[in-house]
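Okay, here's what each chain looks like letter by letter:
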Amino acid sequence: MLAGPPMSSHDRSSCSSFYKGGRTLGALTQNLQMLSTSLLLILLPVLIALCDGQSPRPTCTISPLGVGHDDTDQVLAAIAQCGHGGNTVLQDGVYNITRKMTWDLVDAKVDLHGSLSFTPNIQFWLNANNTYRVVFIQSQASWFVITGSDFEVDAHNTGGIQGNGQPWWNFFTTTPRADGDGRPISLTLFQAVRGVIRNFAIQAPPFWCNCIAESQSVVYDGMLCNASNTNPAFAGQNIVPNTDGIDTYRSDNISMFNWDITCGDDCLAIKGNSTNIVAQNVTCRGGNGIAFGSLGQYANLTDIVENVFMENLTMTRISSTVQPNMQNGVYFKSWDATINGAPPTGGGGGMGFTTNVTLRNVVLDRVNRPTTITQTNGAKSGDLPSKYKFENVHYENWSGTSLTNELIALQCSSAAHCANITFTGFNVTVPAGTTPEIVCQNADGVSGETCS
Ligand SMILES: *[C@@H]1O[C@H](CO)[C@@H](O)[C@H](O)[C@H]1NC(C)=O
Ligand SMILES: *[C@@H]1O[C@H](CO)[C@@H](O)[C@H](O)[C@H]1NC(C)=O
Ligand SMILES: *[C@@H]1O[C@H](CO)[C@@H](O)[C@H](O)[C@H]1NC(C)=O
Ligand SMILES: *[C@@H]1O[C@H](CO)[C@@H](O)[C@H](O)[C@H]1NC(C)=O
Ligand SMILES: *[C@@H]1O[C@H](CO)[C@@H](O)[C@H](O)[C@H]1NC(C)=O
Ligand SMILES: *[C@@H]1O[C@H](CO)[C@@H](O)[C@H](O)[C@H]1NC(C)=O
Ligand SMILES: *[C@@H]1O[C@H](CO)[C@@H](O)[C@H](O)[C@H]1NC(C)=O
Ligand SMILES: *[C@@H]1O[C@H](CO)[C@@H](O)[C@H](O)[C@H]1NC(C)=O
Ligand SMILES: *[C@@H]1O[C@H](CO)[C@@H](O)[C@H](O)[C@H]1NC(C)=O
Ligand SMILES: *[C@@H]1O[C@H](CO)[C@@H](O)[C@H](O)[C@H]1NC(C)=O
Ligand SMILES: *[C@@H]1O[C@H](CO)[C@@H](O)[C@H](O)[C@H]1NC(C)=O
Ligand SMILES: *[C@@H]1O[C@H](CO)[C@@H](O)[C@H](O)[C@H]1NC(C)=O
């Protein structure tokens, strides 16, 4: 068990009976809310110590304070008390979160039965003072960061995050969107080691659903991301760009099992220095498909992507009233070698390579383009060709349908040819009456398909 030695049933019952004998910590907190925060913070350790006297692992249990109340203090207090070597239980219901929040978890378990509802206070969150900027790439903002080691957060398929994204999506139909503009990532894992996120739902993320940065050995098992527009005024439009399921960055040994992503952008985006990545049983509903990239945005940084294994992936087109796009199956993209502008929005010129990628058992349902490699992100005419290299990419057992005949488009750079791209059992159907087109530009050692 990752979260440390299990409590004996005696420990568990004596601890919970303490809370039952009085009230739940949440109810207690409710009574104390007229008191100052500092008094609350003084009392909490006493409660925990009483419990702790009978138990090797403290447990903090809270429940929502109710509509009109702010739960941020009690959630942070519980994590502060039980987030190192303890268990924290957030009982069912909606927790009103009104400001940025970090959970520092060490040898800890959190049972998140309810949902953390981040207030849809757009101007508040867009003020950079009110979010974290721990994700280096594109200076993206975060309102909720989990960090630490040897922890598990289990949302039991009932809890997670309510991002209240609809007002954000409405707002950004008339305000320009740009990377790094402060729209917050819903769940950020930052400098997390040996963590587990289980059966977690993120409803209506305003921006990226997840990001993992500077982390190692993390397992996500069971993740729902759902960026579905419900405003009839925007039916049939993609008003949820940038609602990526996850971006992985500067992280090693990350597993994503059993994901279900409805989005208007990259379902998974594997960015620079993502190594030993596994994705299994991932359904992408709408959006751009699974991306490797964009890579090479920072001229002074090398982007390495190595040892990626993905299997049992489904890309499926959904009702166009909710989400009109289902662009790619899996695609690879790098910036070119000329620097145009600066990150977060511009850039280019970055070096590096993507190697040893296996994409197995992939089912496509009416995608526009099954697979592409492009190396011209941010490119202008006359730019230098990318020096970023894609090699050892293996496609195995693909089926389903494409809405165009552009079956495979490997448009690699003249300055860094793709190499060893293999296709085994690649059987995606193009529209009746069309001939599949397979483009292999600057691609060496393509096997299993005949380039046209
Ligand atoms: C959340 O808390 C704020 C007070 O900080 C309050 O104004 C707001 O009504 C609460 N929201 C909900 C949905 O309870
Ligand atoms: C952010 O905080 C700094 C330091 O407190 C302050 O000077 C600045 O005005 C704040 N910015 C905004 C937009 O509130
Ligand atoms: C990778 O992560 C898994 C899950 O945390 C862990 O069991 C395994 O030991 C890690 N592997 C390496 C090589 O660190
Ligand atoms: C996704 O969000 C839409 C709109 O809020 C909702 O109707 C639908 O039930 C959600 N799907 C899931 C699986 O939560
Ligand atoms: C695949 O993941 C979904 C959740 O997205 C889950 O309901 C389903 O049971 C998983 N399938 C398998 C074979 O594990
Ligand atoms: C690379 O460039 C970015 C800006 O483009 C800068 O913020 C960062 O500090 C630089 N990194 C290094 C290692 O020089
Ligand atoms: C990736 O790792 C390499 C080698 O450790 C390092 O030189 C490079 O700066 C890293 N790139 C990023 C984006 O952090
Ligand atoms: C390629 O990646 C797989 C994991 O997907 C790993 O088992 C294998 O050892 C890697 N191959 C090389 C040559 O590193
Ligand atoms: C992936 O799908 C294959 C074929 O249906 C199945 O044999 C395999 O167990 C699946 N893998 C996982 C990790 O679910
Ligand atoms: C190929 O993929 C399909 C769809 O995932 C799966 O049902 C089938 O079992 C796979 N074939 C093999 C040989 O694994
Ligand atoms: C192509 O990739 C496969 C699998 O990673 C590897 O075994 C093989 O040696 C590579 N071929 C070349 C020519 O690099
Ligand atoms: C390719 O897929 C089509 C449509 O599903 C199917 O009829 C055909 O048998 C498949 N071919 C192979 C070689 O698997």
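Definitions and cut-offs
- Residues numbered from 1 in each chain as written.
- Chains lettered and ligands numbered in written order.
- Predicted model: local features only at pLDDT ≥ 70, side-chain atom pairs only at ≥ 80, totals over all residues.
- Heavy atoms only, no water.
- UniProt positions renumbered as here; feature names shortened; annotations may be inferred.
- Helix = DSSP H or I, 4+ residues; strand = E, 2+ residues; numbered from the N terminus.
- Buried < 20%, exposed > 50% of the residue type's maximum accessible area, 1.4 Å probe, protein only.
- Contact = heavy atoms within 4.5 Å.
- Near = heavy atom within 4 Å.
- Polar contact = N/O pair within 3.5 Å; in protein donor to acceptor, adjacent residues only side chain to side chain.
- Areas by Shrake-Rupley, 256 points an atom, 1.4 Å probe, with all protein chains shown as cover.
- Nonpolar A, V, L, I, M, F, W, Y, C, P; charged D, E, K, R; others polar.
- Pairing = 2+ DSSP bridges.
- Salt bridge = Lys/Arg side-chain N within 4 Å of Asp/Glu carboxyl O.
- Disulfide = S-S within 2.5 Å.
- Right-handed = clockwise from strand over helix to strand, strands pointing away.

- As named in an unreviewed UniProt entry, the protein is galacturonan 1,4-alpha-galacturonidase, taken from Mycena albidolilacea.
- Entered under Function (unreviewed entry) in the UniProt record, the comment concerning the protein runs "Specific in hydrolyzing the terminal glycosidic bond of polygalacturonic acid and oligogalacturonates."
- Taken from UniProt, the Subcellular location (unreviewed entry) comment for the protein reads in full: "Secreted".

### Quick notes on the overall build of the protein
Reasoning step 1: Along the protein, the regular secondary structure elements total six helices and 27 strands.
Reasoning step 2: Put simply, the protein has 452 residues, and 54% of those count as buried.
Reasoning step 3: If you take every contact in the protein between residues at least 6 apart in sequence, the share linking residues at least 24 apart comes to 74%.

### So, the site of ligand 4
Reasoning step 1: Taken together, Gln 203, Leu 224, Asn 226, Ser 228 and Thr 230 form the complete shell of residues around ligand 4.
Reasoning step 2: Between an oxygen atom of ligand 4 and a side-chain N or O atom of Gln 203, the distance comes to 2.9 Å.
Reasoning step 3: In this structure, Asn 226 approaches ligand 4 through a side-chain N or O atom, which is 2.4 Å from an oxygen atom.
Reasoning step 4: For ligand 4, whose accessible area on its own is 360 Å², the fraction buried by protein is 40%.
Reasoning step 5: Looking at the shell around ligand 4 residue by residue, the class counts come to one nonpolar, four polar and no charged.

### Considerations on the sheet that holds strand S7 (residues 140–142)
Reasoning step 1: Taken together, the three strands give an open sheet; going across it, the order is S6-S7-S10, and neighbouring strands pair in mixed fashion. Because the sheet does not close on itself, it has two edges, and the strands there are strand S6 (132–135) and strand S10 (184–185).
Reasoning step 2: For S7 and S10, the ladder comprises two bridges, and the chain directions are parallel. Bridge assignment links Ala 141 to a residue of S10, and that residue is Pro 184.

### Some points on the pattern of salt bridges
Reasoning step 1: Inspection of every chain in the model, using the stated rule, returns 14 salt bridges.
Reasoning step 2: Among the salt bridges present, the one from Lys 109 reaches Asp 111, with a minimum N-O distance of 3.1 Å.
Reasoning step 3: For Asp 111, a relative accessible area of 12% gives the class buried.

### Details of the state of the cysteines
Reasoning step 1: This structure, assessed with the given rule, holds five disulfides.
Reasoning step 2: A sulfur-sulfur distance of 2.2 Å marks the disulfide that ties Cys 267 to Cys 284. Negative torsions about the S-S bond denote left-handed disulfides, and the value of about -80° found for Cys 267 with Cys 284 makes this one left-handed. Remark: Cys 284 occurs in strand S17 (residues 274–285) and Cys 267 occurs in strand S16 (residues 266–270); sequence separation between them is 17 residues.
Reasoning step 3: The disulfide that involves Cys 440 links it to Cys 451, with 2.0 Å between the sulfurs. Taking the sign of the S-S torsion, -85° for the link of Cys 440 and Cys 451, the bridge is left-handed. Taken together, the positions of Cys 440 in strand S26 (residues 438–441) and Cys 451 in the segment after strand S27 (443–447) put the pair 11 residues apart, joining distant regions of the chain.

### Points about the site of ligand 3
Reasoning step 1: Around ligand 3 sit Ser 217, Val 219 and Asn 253, and that is every residue in its neighbourhood.
Reasoning step 2: In the model, an oxygen atom of ligand 3 is placed 3.2 Å from a nitrogen or oxygen of the Ser 217 main chain.
Reasoning step 3: Contact between ligand 3 and Asn 253: an oxygen atom at 2.3 Å from a side-chain N or O atom of the residue.
Reasoning step 4: Protein chains bury 35% of the 360 Å² of accessible surface belonging to ligand 3 in isolation.

### Focus: the pairing of strand S1 (residues 59–62)
Reasoning step 1: What you see with S1 is no split at all: Thr 59 and Thr 61 on one side and Cys 60 and Ile 62 on the other are buried throughout.
Reasoning step 2: Relative to strand S2 (residues 87–90), S1 runs parallel, the two sharing four bridges. Bridged to Cys 60 within S2 is Thr 88.
Reasoning step 3: A crossover connection joins S1 to the parallel S2 through helix H4 (residues 72–82); in handedness this β-α-β unit is right-handed.

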